[in-house]
Amino acid sequence: MPLENLSSIKGAKVSEIVEELFGKVRNAIHKIDEGNRILVPEKIIDMEMLRDDIVINTSEDEIKIIRQNFPVQKEGYLVVPRVIEE
Amino acid sequence: MESEIKRIHSLFNSGKLLCKDLIEDKLNALEMNEHNTANLILRDYAMKLANKVDDKIKSGQEIGLLEGIPFGIKDVILLKGYKTTASSNMLKDYIAPFTATAIQKLLDAGVIPIVKENCDSFGHGSTSENTVFGPVKNTFDVNKVAGGSSGGSSVNVAKGFTAFSIGADTGGSIRQPSGYNKVFGLKPTYGRVSRYGLMAYASSTDTIGPIASTLEDIRLLTNLISGKDIHDMNTYNSVNIPEDIFQDNSTLKDAKVGFYKEFIETENLENGLKNDFMYMLDVLNKNNIQTEELQFMDTELLVSVYYVLTMAETASNLARLDGITYGKRNNSKNLKEAYALTRSENFTEETKRRLIGGNQVLSHGHAEDIYTKAVFLRKRIIEIYSNDLKKVDIILSPVSTILPPMIGKSLNDPYAMYLSDVYTVGFSLGELPVLNAPVFLETGLQIAADKDKEGLILKFAYFLTQISK
């Protein structure tokens, strides 16, 4: 998929500067891959560390601010531009 | 032990200073400042809180150590009811619906927020020039950059506009501007301070930390803002750094200090900084501190790994800013066009470069070739630190290869700006605590240790301030 669509930024194209950084990683792998090490998650979170699975209601003033932040709203709902199927 | 917080507290208690007078002075100084540090000055809110502190003192009630102390908040951290813009057009009118955990802890202690501080947009930068509020100017030369991305926060502390500031550090954003403005800045261990209420840049290295003019203030503030938070699953219960940490240096007798050979031998490091670093090693040896050369990986590869991972993360985190649910919308005839217009016109060039790079690196073909390899290399970096910190207790490093550049120079050479992050990004990928202290080098010295060893870092920093005199 073109970068313009992936990033939703008009005229998006590969940056030479960023490509140079990426190239260093792309070409580096042979130096470190020799051990065939398996990717193991760095952090293991114990079930007891998870927060309770309960609903926490948002306060009225927080809801008010969230609505205030809507880019475009009508009667308390977000307005979305028309979607055209392609 | 010198402390700006304790100094102000003592003035309040002795009746020599009214809180409202102090806050008014700071607000006026911020308003008139030529360094471009303030995105929003919280005058009414701050004055209301200051009057309450004065009333409390007048009525004979005891006030807490931090009550009435004025501080600044980097403008990527949320304070409920006030704008948090991330120094961007996209969020120029965004009002924070809740307060960040770290800030709430400070508010609970009675500290008074007086300013939302200018910074690089979404933390994307090392100079605080990537901001729609205009570049932040260095404390000591207004023609030079303040460093970034917490540039406004560092300058505010250095100029005394705030007693301290709360910044955020993803790959050096507290440490490098602290160095450029000669104040102390701590990036805590990843997870020590909750990220809840910090606008996410790269979630796997984002941290919140204090910037202050004294080590004792860094200690007090780190203790206050740390701790487990149910809103951030990576947080943990840390142990407080004790008050007497600076009193006894005898435990440092056996401390071993390491430094990375590649970091010092590189041609990119300015000669003056290199000489100062070597001189510092000499002084350590003369003080019977053992120093050891360590080996890292290729420095350009290190920077590249950091940027691959953080660009990928920021592309994911900022995908929500599409003008539909968040952000300033640029209307168009259909949804897809509205997304593209909104994001093209409301993100800065540097932010767009990182978002495009992040989407590129996560796309089919690139993800396997680059992103997965960068994840793998990050594990290698963590292993290097883990092994080295079995050999030494402290790792020292410059914070930047260069002195603060002139404003405008880095915008024309972003690759050089990325490379100048070489000394800071590794510790971020390693999730280690690091303090930048204004000692020995013109831009200060990074002091790193193993996870959760902020106490040792502060102790060593104090020792360095003593032997650098």
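Since the model is a prediction, treat every value here as computed from it, not as a measurement.

When helices and strands are tallied, chain B shows 16 helices and 11 strands. The C-alpha radius of gyration of chain B comes to 21 Å, within 12% of the 23 Å expected for a compact globule of 469 residues. Along the first, second and third principal axes, the C-alpha atoms of chain B reach 70 × 65 × 45 Å. Expressed as a percentage of its 469 residues, the buried residues of chain B come to 58%. Contacts in chain B between residues at least 24 apart in sequence constitute 73% of all its contacts with a sequence separation of at least 6.

Residue Ser149(B) is bonded to the preceding Gly148(B) through a cis peptide linkage, with omega at 15°. Backbone geometry places Ser8(A), a non-glycine residue, at a positive phi of 50°. Within the secondary structure, Ser8(A) sits in the loop between helix H1 (3-7) and helix H2 (16-32). Given 22 C-beta atoms within 10 Å, Ser8(A) falls into the buried group. The phi dihedral of Ser87(B) is positive, around 50°, even though this residue is not glycine. Turning to its location among the elements, Ser87(B) is positioned in the loop between strand E2 (70-74) and helix H4 (101-108). Assessed through the 34 C-beta atoms surrounding it within 10 Å, Ser87(B) is described here as buried.

Looking now at the interface of chain A and chain B. Of the residues lining the interface, 37 residues belong to chain A; the matching set on chain B comes to 50 residues. Elements with a minimum of two residues in the side of chain A that touches chain B: H1, H2 and helix H3 (60-68) of chain A. Of all the elements, H2(A) adds the most residues to the side of chain A that touches chain B, at 11 residues. Grouping the constituent residues of the side of chain A that touches chain B by class yields 25 nonpolar, 5 polar and 7 charged.

This part takes up the nonpolar core. By size, the foremost hydrophobic cluster in this structure holds 144 residues, and its most contacted members are Ile77(B), Val305(B), Val308(B) and Ile447(B). Of the residues forming this core, the biggest block, 11 residues, is contributed by helix H10 (residues 299-317) of chain B. Among all residues touching Val308(B), those that are not within four sequence positions of it are Leu21(A), Phe22(A), Val25(A), Val361(B), Ile370(B), Tyr371(B) and Ala374(B).

This part takes up the environment of Ile73(B). Residues and elements named next belong to chain B. With respect to the helices and strands, the residue Ile-73 is situated in strand E2. Counting along the chain gives 137 residues from Ile-73 to Pro-210, while the straight-line C-alpha distance between them is 9.8 Å. What Ile-73 contacts, discounting residues up to four positions off in sequence, is Leu-79, Ile-103, Pro-113, Lys-116, Glu-117 and Ile-166.

Turning our attention to the pairing of E2(B). Residues and elements named next belong to chain B. Of all 5 residues that make up E2, 5 are buried, and the element is covered over most of its length. Side-chain alternation along E2 places Pro-70, Gly-72 and Lys-74 on one buried face and Phe-71 and Ile-73 on a second face that is also buried. By the bridge criterion, 5 bridges tie E2 to strand E3 (residues 112-117) in an arrangement that is parallel. Following the sheet pairing, Pro-70 is matched in E3 by Ile-112. For the crossover from E2 across H4 to E3, the handedness is right-handed. Pairing between E2 and strand E4 (residues 164-169): 3 bridges, direction parallel. When the sheet's bridge partners are listed, Ile-73 is paired in E4 with Ile-166.

Right, let's get into the sheet that holds strand E5 (residues 184-187) of chain B. Residues and elements named next belong to chain B. Taken in spatial order, the 11 strands of this open sheet run E1-E3-E2-E4-E6-E5-E10-E11-E9-E7-E8, and their pairing is mixed. Either end of the sheet is taken by a strand with one partner, and the two such strands are strand E1 (38-41) and strand E8 (290-294). With direction set aside, neighbouring strand axes in the sheet form an average angle of 25°. Across the face of the sheet, helix H9 (residues 271-286) comes into contact with strand E7 (256-260), E8, strand E9 (394-398) and strand E11 (445-448) while running at roughly 135° to E8.

By the secondary structure assignment, Gln360(B) is in helix H12 (residues 349-362). Gln360(B) sits 69 residues away from Leu429(B) along the chain, and the two C-alpha atoms are 21 Å apart. In this structure Gln360(B) touches Leu3(A), Val14(A) and His366(B), once residues within four positions along its chain are discounted.

What counts and what doesn't
- Residues numbered from 1 in each chain as written.
- Chains lettered and ligands numbered in written order.
- Predicted model: local features only at pLDDT ≥ 70, side-chain atom pairs only at ≥ 80, totals over all residues.
- Helix = DSSP H or I, 4+ residues; strand = E, 2+ residues; numbered from the N terminus.
- Rg over C-alpha atoms; globule rule 2.2 N^0.38 Å.
- Buried ≥ 20, exposed ≤ 12 C-beta atoms within 10 Å, placed from the backbone.
- Contact = placed C-beta atoms within 7 Å.
- Nonpolar A, V, L, I, M, F, W, Y, C, P; charged D, E, K, R; others polar.
- Core = buried A, V, L, I, M, F, W, Y, C linked by C-beta atoms within 7 Å.
- Pairing = 2+ DSSP bridges.
- Right-handed = clockwise from strand over helix to strand, strands pointing away.
- Axes fitted to C-alpha atoms, helices over the stretch in contact; angles between N-to-C directions.

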